[in-house]
Amino acid sequence: KALKESDKEKFIEWTTSDFERLFSSKANSKIGSSLTTQYRMLPTIGKLVSSIFYEPSLTLQHGRTDMIIPETLCPHVIENQITWIDTSADGDSAFEVRAGRTGTSFSNPAESNRIVELLLYFEKNDNFINWLNSKFSSSDKPIGIICAYSGQISQIKESIAKSDLSPKITDY
């Protein structure tokens, strides 16, 4: 059944975030400003973010060009600034599923398993671990995992807890 035009407008209004509404408002165009240089992301990552979220209205400049991890110590699985990991060969577990009792979030077991595999790989790389220990304390948290869904956060925490990862990697 096709939506009436008024229902389409309501749907768009309901699915528009407050941030998006504020950012695209007339008031923002008069008083708002945007940063044009970012210093945390490497250029390849910054260009991806810029092309998805900001262009054509804004192209970010990149203030940082050097990797933090020396290339000689960088595990080959992350030697590129952006790495996509294909989980499609994992069959049904490669698809996201509703998570939790209420089913309002999502998780993906295959992605969670790949993250644990990656952490196990890092843990076995003594040169990488020694460098990590020499540069950071565990309170610095130099290894981060970013998730869009609380269900995936829970899935990853559970997978890490069930894994053989030692504190030398989980403390980071």
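Quick caveat: nothing in here was measured; it's all calculated off a predicted structure. (Residues numbered from 1 in each chain as written. Predicted model: local features only at pLDDT ≥ 70, side-chain atom pairs only at ≥ 80, totals over all residues. Heavy atoms only, no water.)

**Some remarks on a nonpolar patch on the surface**
1) Next: Taken together, the side chains of Leu48, Ile52, Phe53 and Trp84 define a hydrophobic patch exposed on the protein surface, amounting to about 520 Å² of accessible area.
2) Next: By secondary structure assignment, the location of Phe53 is in helix H4 (residues 43-54). (Patch = residues over 30% accessible without salt bridge, like charges linked within 9 Å, V, L, I, M, F, W, Y side chains within 5 Å. Areas by Shrake-Rupley, 256 points an atom, 1.4 Å probe, with all protein chains shown as cover. Salt bridge = Lys/Arg side-chain N within 4 Å of Asp/Glu carboxyl O. Helix = DSSP H or I, 4+ residues; strand = E, 2+ residues; numbered from the N terminus.)

**So, the environment of Ser51**
1) Next: Along the polypeptide, Ser51 turns up in helix H4.
2) Next: A relative accessible area of 38% means that Ser51 is categorised as partly exposed. (Buried < 20%, exposed > 50% of the residue type's maximum accessible area, 1.4 Å probe, protein only.)

**A look at the side chain of Gln152**
1) Next: Here Gln152 shows up in helix H7 (residues 150-162).
2) Next: Those residues in contact with Gln152, other than ones at most four positions away along the chain, are Phe106, Ser107, Asn108, Glu111, Ser112 and Cys147. (Contact = heavy atoms within 4.5 Å.)

**Considering the pattern of salt bridges**
1) Next: Throughout the structure, instances matching the rule amount to three salt bridges.
2) Next: One salt bridge in this structure joins Lys162 and Glu158, with 3.0 Å as the shortest N-O distance. Taken together, the residues Lys162 and Glu158, both in helix H7 and four residues apart, mark about one turn of the helix.
3) Next: Overall, Lys162 belongs to the exposed group, its relative accessible area being 65%.

**Section: the confidence of the model for the protein**
1) Next: This prediction gives the protein a mean pLDDT of 79; 84% of its residues lie at or above 70.
2) Next: Mean pLDDT across the secondary structure elements of the protein bottoms out at helix H1 (residues 5-15), with 66, and peaks at H7, with 91. (pLDDT = per-residue confidence, 0-100.)

**Describing the nonpolar core**
1) Next: Ile69, Leu73, Cys74, Val116, Leu119, Phe122, Phe128, Ile129, Trp131, Leu132, Leu165 and Ile169 form the largest nonpolar core, which has 12 residues in total.
2) Next: Taken together, the elements giving at least two residues each to this core come down to helix H5 (109-124) and helix H6 (126-135).
3) Next: Element by element, the count of residues in this core is highest for H6, at four residues. (Core = buried A, V, L, I, M, F, W, Y, C linked by side-chain atoms within 4.5 Å.)

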